[in-house]
Amino acid sequence: MNGKVNIVFGFIYLAMTALLGPVLLVPQLGANLKTMGDTAQVVDKVQEGLRNDFKGFKGANSPNKVIGQATVSIFNFTKNSKNLSLLAGGPHAHGNLEALLNIAAGVVLLTLAIPANFKKLLSILFLTGAVFHSGMLYLGGVFGMMWAYNFTIIGVIALLAGLVFAGIASIIGIKQPVSPAERGELK
Amino acid sequence: MDNAPYNFYPVWDPLLRVVHWWNAVTVAFQVITGSIILIFGEEIPDALSGNLINMHSVVGYMFAAGLITRILWLFIGPPSASWRDLLPLTAGQRKVLTDTLHYYAQFLKGAPPLYMSHNPFAGLIYAVFFFLASMQVITGVVVLNTPEDLRDESALLAWHATGYILIILYIIAHISAVFIHEFVERHGIIGSMIHGSKTFTGEEWKELTSQNP
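What counts and what doesn't
- Residues numbered from 1 in each chain as written.
- Chains lettered and ligands numbered in written order.
- Predicted model: local features only at pLDDT ≥ 70, side-chain atom pairs only at ≥ 80, totals over all residues.
- Helix = DSSP H or I, 4+ residues; strand = E, 2+ residues; numbered from the N terminus.
- Contact = placed C-beta atoms within 7 Å.
- Rg over C-alpha atoms; globule rule 2.2 N^0.38 Å.
- Axes fitted to C-alpha atoms, helices over the stretch in contact; angles between N-to-C directions.
- Parallel < 35°, antiparallel > 145°, perpendicular 65-115°, else oblique.
- Left-handed = near helix turned anticlockwise from the far one by under 90°.
- Nonpolar A, V, L, I, M, F, W, Y, C, P; charged D, E, K, R; others polar.
- Core = buried A, V, L, I, M, F, W, Y, C linked by C-beta atoms within 7 Å.
- Buried ≥ 20, exposed ≤ 12 C-beta atoms within 10 Å, placed from the backbone.
- Expected span 1.5 Å × (residues − 1).
- pLDDT = per-residue confidence, 0-100.
- Pairing = 2+ DSSP bridges.
- Arc of directions from axis to C-beta.

**Thoughts on the overall build of chain B**
(1) Moving on: Check the secondary structure of chain B and you find nine helices and two strands.
(2) Moving on: Mapped from its N terminus to its C terminus, chain B presents α and β elements in the order β-α-α-α-α-α-α-α-α-β-α.
(3) Moving on: When its C-alpha atoms are laid out on the principal axes, chain B stretches across 65 × 35 × 30 Å.
(4) Moving on: When contacts within chain B are restricted to residue pairs at least 6 apart in sequence, those whose partners lie at least 24 apart make up 66%.

As structure tokens, this is what we get:
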């Protein structure tokens, strides 16, 4: 628990969260663009009707039907966008960021001159932060396990603690390298 | 009181001291902002009230960060920060606990009980505080995530307010006990939370280290 675990976890977790882009986000993005196009067309019809008081809107194009279609289309577009943002803003963006944070934290922990149990503490905080924050967003957003969102707060607090105390660890643990001449080894 | 020279002996690790003061400052801020919200809630203009709640929430998260660190440190920190040092698990700790209660019952007459890091009675109170503070964090987060118009009706807000009163009682008890022990025992417990070392006579230190080799 001196930083190596964070680096290993970070790379594997990054693979899992980055994968959400091509596997889930890109296909949904295409579907979302199509819904947006359909919505724009039907909303255009409603706007045209509003301009001329729906004159000539009869049969399949009666005002009620056109407005109803526009409402349903807007609802579908909003729903798709919400799904997209749940994936993009949740497990994909936060997961990538927290995976990279664990890699960076691991590298820093390997180089800091601080007691071993302090390193262990920071390592656990960053791992807990990623697993309980973006990990729970992953379970909720990708697998629909809505109960998981309740646990994200643990991750938020652990990440916050990790960041604050990593700052303190850096104050005491980053040492200026001493050259052999300064150590008196060279004459 | 004998005139034996007192020496400094390291007791508290640096992280424990940093977390202690981090928690102390954030709790003090939370009590001040919480008191303003609770006492003047209705009279405060909406904009100011919103800012106060934002500050209370941000510092609440900062306190939660300190609390989770201290709780983890109970399990991976050095012996003086460990949960084993808080709870009266050994016969020696239980003896100091009963001696402390006896000492209080006699209004601080006689020799105060000798202990190296946490007084076992105080340790028990700290364990209760960790639980109480965790409940404050949980109820605070849930209330914050409740829609604004439903917050006042939330039962958790009442729990949060009760926890606030218990924490104020804890602060009063903690500070009073620290000052009393500081002046009666002369082990420099206030300074020790800054520089990490308590003062003991050579004989006291010998006795303590022979109990906890």
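Having put the structure on the table, let's press on.
**So, the overall build of chain A**
(1) Moving on: In terms of regular secondary structure, chain A is built from six helices and zero strands.
(2) Moving on: In terms of overall dimensions, chain A is more spread out than a globule: its C-alpha atoms have a radius of gyration of 26 Å, far above the 16 Å expected for 187 residues.

**Side note on the packing of helix H1 (residues 14-40) of chain B against helix H2 (residues 46-76) of chain B**
Residue and element names in this part refer to chain B.
(1) Moving on: The contact between H1 and H2 brings their axes to 9 Å, and the two run at 150 degrees. On the basis of their axis angle, the class for H1 and H2 is roughly antiparallel. With respect to the hand of their crossing, H1 and H2 are arranged in left-handed fashion.
(2) Moving on: Looking at side-chain class alone, the contact of H1 with H2 contains 16 nonpolar, nine polar and one charged residues.

**Brief notes about the interface of chain A and chain B**
One frequent convention defines the size of an interface as the accessible area lost when the parts assemble.
(1) Moving on: Taken together, the contact between chain A and chain B spans 13 residues of the former and 13 residues of the latter.
(2) Moving on: Within the residue set of the side of chain A that touches chain B, elements represented by two or more residues are helix H4 (116-132) and helix H6 (152-173) of chain A.
(3) Moving on: When residues in the side of chain A that touches chain B are grouped by element, the largest group, eight residues, is from H6(A).
(4) Moving on: Residue composition of the side of chain A that touches chain B, by class: 11 nonpolar, one polar and one charged.

**Here's the deal with the nonpolar core**
(1) Moving on: Ranked by size, the top nonpolar core spans 53 residues in total, and within it Leu122(A) and Ile68(B) carry the most contacts.
(2) Moving on: Going through the elements one at a time, helix H3 (63-111), H4, helix H5 (134-143) and H6 of chain A together with H1, H2, helix H4 (91-105) and helix H5 (120-144) of chain B are the ones with two or more residues in this core.
(3) Moving on: Here this core takes nine residues from H4(A), the largest share from any one element.

**Some points on helix H7 (residues 155-185) of chain B**
All names here are of chain B.
(1) Moving on: Here H7 is 31 residues long and its end C-alpha atoms lie 44 Å apart, about the 45 Å a rise of 1.5 Å per residue gives.
(2) Moving on: Of the positions making up H7, those classed as buried are His160, Gly163 and Glu185.
(3) Moving on: Those residues of H7 that are buried lie in contact with H5.
(4) Moving on: Taken from the residues just after H7, Arg186 is the one with a positive phi, measuring 60 degrees.

**Regarding unusual backbone geometry**
Residues and elements named next belong to chain B.
(1) Moving on: For Phe107, which is not a glycine, the phi torsion comes out positive at approximately 55 degrees.
(2) Moving on: The exposed category is assigned to Phe107, around which 7 C-beta atoms lie within 10 Å.
(3) Moving on: Even without glycine at this site, Arg186 takes up a positive phi of about 60 degrees.
(4) Moving on: Mapping Arg186 onto the fold places it in the loop between H7 and helix H8 (189-195).
(5) Moving on: The exposure class assigned to Arg186 is partly exposed, which follows from the 15 C-beta atoms found within 10 Å.

**Quick notes on the packing of H5(B) against H7(B)**
The relative placement of two packed helices is expressed as an angle between their axes plus a distance between the axes.
Residue and element names in this part refer to chain B.
(1) Moving on: Contact pair H5 / H7: the axes reach a minimum separation of 9 Å and the direction vectors enclose 150 degrees. The angle between H5 and H7 places the two elements in the roughly antiparallel class. Pair H5 / H7 crosses with left-handed handedness. Counting all contacts with H5, which are made through Ala122, Phe129, Leu132, Met135, Gln136, Thr139, Gly140, Val142 and Val143, the residues of H7 involved are Leu156, Leu157, Trp159, His160, Gly163, Leu166, Ile167, Tyr170 and Ala177.

**Observations concerning the confidence of the model for chain B**
(1) Moving on: When the pLDDT values of chain B are averaged, the result is 92; 97% of them are 70 or greater.
(2) Moving on: At the level of chain-chain contacts, confidence expressed as ipTM amounts to 0.81, with global pTM at 0.83.

**A short note on the pairing of strand S2 (residues 197-201) of chain B**
Residue and element names in this part refer to chain B.
(1) Moving on: Alternating residues of S2 divide into Lys198 and Phe200, all buried, and Ser197, Thr199 and Thr201, none buried.
(2) Moving on: As paired elements, strand S1 (residues 6-10) and S2 share five bridges and run antiparallel to each other. Considered in S2, the bridge of Tyr6 is made with Thr201.

**Description of H4(B)**
Residues and elements named next belong to chain B.
(1) Moving on: Taking 1.5 Å of rise per residue, 15 residues should cover 21 Å, and H4 covers 21 Å from first to last C-alpha, within 8% of that figure.
(2) Moving on: Along H4, the residues that are buried comprise Gln93, Val96 and Leu97. The buried residues of H4 occupy an angular sector of 105 degrees when the element is viewed end-on, so they sit on one face. Of the exposed residues in H4, those oriented more than 90 degrees away from the buried face are Ala91, Arg94, His102 and Ala105.
(3) Moving on: Structurally, H4 contributes buried residues whose contacts are with H5.

**A closer look at the environment of Thr139(B)**
All names here are of chain B.
(1) Moving on: Note that Thr139 resides in helix H5.
(2) Moving on: Overall, Thr139 belongs to the buried group, with 21 C-beta atoms counted inside 10 Å.
(3) Moving on: Sequence spacing of Thr139 and Gly163 is 24 residues, and the spatial spacing of their C-alpha atoms is 9.3 Å.
(4) Moving on: The contact partners of Thr139, leaving out residues within four places of it in the chain, are Leu156, Trp159, His160 and Gly163.

**What about the environment of Pro113(B)?**
Residues and elements named next belong to chain B.
(1) Moving on: In this structure, Pro113 sits in the loop between H4 and H5.
(2) Moving on: For Pro113, a count of 18 C-beta atoms within 10 Å translates into the label partly exposed.
(3) Moving on: Remark: the alpha-carbon pair of Pro113 and Lys206, spanning 93 residues in sequence, is separated by 15 Å.
(4) Moving on: Ignoring anything within four residues of it in the chain, the contact list for Pro113 reads Val96, Asp99, Thr100 and Tyr103.

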